[in-house]
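A structural walkthrough
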Amino acid sequence: MAFRWVEDLAQDLRKSARTLRTQRSFAATTIVTLALGIGASTVIFSVVDAVLLAPLDYNDAEQIFRIRTLDAQGQPTGAVGPALMEPFAETSQTAAAAFYGYSNETSVINREGTAFAITEYRTSEQFFRVFTNPLIRGRSFEPGDEYSNTILSYQTWRDLFGSDPDIVGSSINVNGDNLRVIGIAGPGFEYPVGTAMWTKIFTGPATRMLVNMEGYARVRPGIAAAQLSAELDGMAAGIQLRPGDRTMQTAVRPLIEEIVGDFKGTLFIISGATAILLLIACLNVANLLLTRGMVRMGEIALREALGAGRGRIFRLLMTESLLLCALGGALGLGLAMGAIRVVQAIGPKDLPRLDTVSIDQNTFLFATGCVLVTAFLAGFTPAVRLSWSDLSGLINAGARAGASGPGRNRLFGALVVVETSLAVMLVIGAGLLVRSYASLVSTNPGFDPDRMLTLLLNVPGRLDIQSVKTDANGNPTGYVGTGYLPVARFYEELAQRIAALPGVTSVGGTAFAPLNAGRFPSTPVPYRRVGAGDRAQDQSPWLAYNNQVMPGFFTTLAIRPVAGRLLEPSDTRDSAGVVLVNEAFVRAYFDGVNPVGRRLGMPNPGATRFGGVAFGISERMMDEAEIVGVIPDVKQGKLSDPVLPGVYIAHEQWTTRRLALVVRAGIDDPSSLIPAIRRELASMDPTIPPVFSVYSDVIASSLARQKLGAVLLVVFGFVSLTLAAVGLYGLVSYSVSQRGSEIAVRSALGADGNSVLKMFLGNGLRLAVVGIVLGLMGAFALRRVVASQLYGVSALDPQVLALVPLTMLCVALVASYLPARRASRVNPSTALREN
């Protein structure tokens, strides 16, 4: 029996292949339609599988969570600190380990004396208890370790130190300090992404006030996120960093969501759009198979009359469908291979694991599943319809006459209506994302990014401390020397040298360049209120982003003050402390009243003074400052984010070792200035590695996720419109071919060509209108799903909701007109003879 079944299948495949060879136009249309649907589905699955579904490269990654604190509005700020994390790590019943830390751009010098810019992660000792991937050499952090102990990533060890087997236990030069290497991480391990080394963070009584770090925890097996969140909330409820502060509140997030970020929603929407496109392709193929089957009614009836059972006929028809889908799947896989390269080229560079997307085993199995599902969806209804119809009278009546029943036309029409409605929904989604992307691109960043580049530097080894002052108990209270003044002078001299280069218009400096590759700080800091007159009369701090800038920064970015003045070269260490605030700060804390002349207390008093916990990375010369000006809002982290309150401080008065010099060029290509800038920097200090960014590339990178979503949906929308047009064209063409006798009779009774044209054109347009209405209803029902991915555009945008139906009507008009015009030119006598 099994052998007979295999023999029948082989026979059916041979018959199907012969049939398709004789009907090449039909076969080509069907195969291409299926290839588009299956290929698009395969591409998106491969992205989703690699980015979202594939296990992370960390042991039991599902047990790792990011811990965040909430701001006054209940939004996660991403910031924690020792006050919460250290007690939690010691007493937690849900977590096996927890750590806190932060990333820092730094420089390391290899054995040959060459400096490299890298990212260092300063972390508490529990880091490698949360990320339990084993080290290949040395050991991880232990209690009592020195704060100068560090662990290198495998890539850093291999590329910068030549896989030196004796490096563990030796010292390396990092930012001018000697750090002791105690271990080497395994190949492929890096967290946060891009980290080159992990150094134990300094902890002490002064660090308790800091809330500007990342926190992570590995929960014990079987612990759910809700249990972790409940324990954190209970512990945070008793923590109040300063008098007048509210107690902490926390939120937790799985590691996979932390890594993928806000692109998860975009991927799910694109996946839904792909499913719709595949369904449209199935409906289209089903219609094509039904139309072709109606023409073959005579052949099928003859097979039945010669003894073929209905099950045998059903199997033959399903075999043809499976063969078509298999050919379409093979072509779709080929298209997917090329499309994946395009997605990787235009996709966001910061999307984790995008470079690992490929046609692997999972993708191949998914494509095979798509072939089987489409074969069933597209072929089952036509096969049942044709194999179980009453065919006995068709031999005498003729296949063509018997094929034109109203029930069959209703089925064809229903498929076209569903196909049209799905296409409308998909095109509306594409239109909304395109409008959103256009709105984002046209968003004013608050500065002029044209012809600009940035030069990110970290200047170590220039801290001038000749001797340390202490109190009676031996505690450090100050020093003799100029502190970080040599750092400030280095940047000033370098800026002057760059400004003198041919092709340079102006140069400024900033600790955080706006929109620059996510380097803007992730959390605000609390400024103290000094005096009265603000909107809120309580003593809660003013939360704002702080940014240290050189005087030329604002002129370089073409920013003018709204009130007061800008920072000037005279705002030095020897003058009174001054700051600027942005308009968002004024709206939040001064109710629109001009704050010029008011005073601010600096955040974390003493932290960046000598002996403070943050003195190693910067030095602040004042604890209070006067607001001397208000500047317009400048986009900070992303173009899509709202501008939050910000404070800008003179770099000489709060000097950071890390700074980005912003260069405006007087030539079209600012990147051509890079070699000359490198030479100037090398002549001053060859051990400082620069990191260059052209601002046009920076902004393009910040828009890459939205661009990818918009491009994919536009392609899907165009394909769905094409398939809907093909389906409508096929239906009207089939109706014309089946109603030849009726057309002849109408013509003989006096109907002219225009009336016939209107009749068929009206039939096609009525179906299109019904599909459009259903599509609009579907788009309205799904508006909240799409709204989360939009910027500056409503999910019910009137322009999109008006333009898409109009476009669909035009497509339907063209698709219906072509066969309708053919019907209007039918010769009555010829039609009667043929029918």
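Here, every reference points to the structure presented above.
About the thresholds
- Numbering of residues begins from 1 in every chain and follows the order in which that chain's sequence is written.
- Only residues with pLDDT of at least 70 are given local features in this predicted model, and only at 80 or more are side-chain atom pairs given and counted; all residues enter the totals for whole chains, interfaces and linings.
- Only heavy atoms go into the side-chain values, all of them from the structure, while hydrogens and water stay out.
- Each helix is a run of H or I in the DSSP string that is no shorter than four residues. Each strand is a run of E no shorter than two, and both are numbered from the N terminus.
- Buried, partly exposed and exposed residues are distinguished by accessible area as a fraction of the type maximum, computed with a 1.4 Å probe on protein chains only: under 20%, between the cut-offs, and over 50%, respectively.
- Under the convention used here, a 1.4 Å probe and the Shrake-Rupley method define accessible areas, while residue burial counts only the protein chains that appear.
- Within this scheme, the nonpolar core is defined by two criteria: the residues are buried Ala, Val, Leu, Ile, Met, Phe, Trp, Tyr or Cys, and they are joined through side-chain atoms within 4.5 Å.
- Between two residues, a contact is recorded if the distance between any of their heavy atoms is within 4.5 Å.
- Pairs of strands are assigned from DSSP output, requiring at least two bridges between the strands.
- Any Lys or Arg side-chain nitrogen found within 4 Å of a carboxyl oxygen on Asp or Glu counts as a salt bridge.
- Any pair of nitrogen or oxygen atoms within 3.5 Å is treated as a polar contact; in protein, a donor-acceptor pairing is required on top of that, and neighbouring residues in sequence qualify only through side-chain atoms on both sides.
- Put simply, two rings from Phe, Tyr or Trp (the six-membered ring, in Trp's case) pair if the centres are within 6.5 Å, and we call them stacked under 30 degrees between planes, edge-to-face over 60, tilted for the rest.
- We call a charge positioned over a ring when the NZ of a Lys or the CZ of an Arg lies within 6 Å of the ring centre and within 35 degrees of the ring normal.
- Two cysteine sulfur atoms make up a disulfide if the distance between them is within 2.5 Å.

Before going further, it helps to examine the overall build of the chain. Along its length, the chain carries 25 helices and 25 strands. The buried share of the chain, taken over its 835 residues, is 52%. Carbon and sulfur atoms make up 58% of the accessible area of the chain, which totals about 35800 Å².

This next bit is on the nonpolar core. Leu713 and Phe716 are the most contacted members of the largest nonpolar core, which totals 63 residues. For this core, the secondary structure elements donating two or more residues are α2 (24-53), α8 (263-295), α10 (310-346), α14 (406-441), α20 (704-738), α22 (753-781) and α24 (798-824). Not counting residues up to four positions away in its chain, the partners in contact with Leu713 are Ile269, Ala273, Leu426, Gly429, Ala430 and Leu433. Val504, Phe610, Val663 and Leu681 belong to the second largest nonpolar core, which has 32 residues in total.

Before going further, it helps to spend a moment on the pairing of strand β3 (residues 115-123). Bridge analysis of strand β2 (residues 95-109) against β3 gives nine bridges, and the strand direction is antiparallel. By the bridge assignment, Ser103 is partnered in β3 with Tyr121. Counting the residues that bridge the hairpin from β2 to β3 gives five residues, and of these Gly113 lies at a positive phi of roughly 85°. The pairing of β3 with strand β8 (residues 197-200) spans four bridges and is classified as parallel. Of the residues in β8, the one forming a bridge with Tyr121 is Trp198.

Using the criterion set out here, one finds 23 salt bridges in the structure. A salt bridge links Asp797 to Arg435, with the shortest nitrogen-to-oxygen separation between them at 3.0 Å. Of the two residues, Asp797 is situated in the loop between α23 (783-787) and α24 and Arg435 in helix α14; the sequence distance between them amounts to 362 residues. Between Arg451 and Asp668 there is a salt bridge, and its shortest N-O distance comes to 2.5 Å. On the criterion of sequence distance, the pair formed by Arg451 in the loop between α14 and β11 (452-458) and Asp668 in the loop between β24 (658-665) and α18 (674-684) is long-range, its members being 217 residues apart. By relative accessible area, which is 64% here, Asp668 ends up exposed. Taken together, the shared-partner salt bridges in this structure form one network comprising Arg66, Arg68, Arg253, Glu257 and Glu258.

Attention shifts here to the environment of Trp654. By the secondary structure assignment, Trp654 is in strand β23 (residues 654-656). Distance in space between the C-alpha atoms of Trp654 and Arg620 is 4.1 Å, their sequence separation being 34 residues. If we skip the residues at most four places from it in the chain, Trp654 touches Asn546, Gln548, Met602, Pro603, Thr608, Ser618, Glu619, Arg620 and Ile649. Side chain to side chain, Trp654 and Ser618 meet in a polar contact 3.2 Å long.

This part covers the packing of aromatic side chains. Inspection of the entire model under this criterion finds 31 aromatic pairs. Between the aromatic rings of Tyr121 and Phe127, the centroid separation amounts to 5.9 Å while the plane-to-plane angle is 50°, which identifies the pairing as tilted. Comparing Tyr121 with Phe127 shows no difference in burial state: the two are buried. Consider the rings of Phe447 and Tyr695, whose centres lie 5.5 Å apart with planes at 70°: the pair is edge-to-face. One end of the pair, Phe447, is in the loop between α14 and β11; the other, Tyr695, is in helix α19 (residues 695-702), with 248 residues separating them in the sequence. Three or more aromatic residues link up through ring pairs in this structure, and these residues are Tyr58, Phe99, Tyr121, Phe127, Phe128, Phe131, Phe141, Phe189, Tyr191, Trp198 and Tyr216. Across the ring face of Trp654, the terminal group of Arg620 is positioned such that the distance to the ring centre comes to 5.1 Å. Above the plane of the ring of Phe780 lies Arg783, whose end atom (NZ or CZ) is 4.0 Å from the centre.

So, on to the side chain of Thr94. Mapped onto the secondary structure, Thr94 falls in the loop between α3 (82-91) and β2. Thr94 gets classed as buried once you look at its relative accessible area, which sits at 8%. Look past the residues within four positions of Thr94 in its chain and what remains in contact with it is Phe88, Val219, Arg220, Ile223, Gln227, Leu228 and Glu231.

Time to look at the state of the cysteines. All told, the structure shown has zero disulfides when counted by the stated rule. No disulfide involves Cys370; its sulfur sits 8.6 Å from the nearest other cysteine sulfur, which is in Cys282. On the basis of relative accessibility, which here comes to 6%, the residue Cys370 falls in the buried class.

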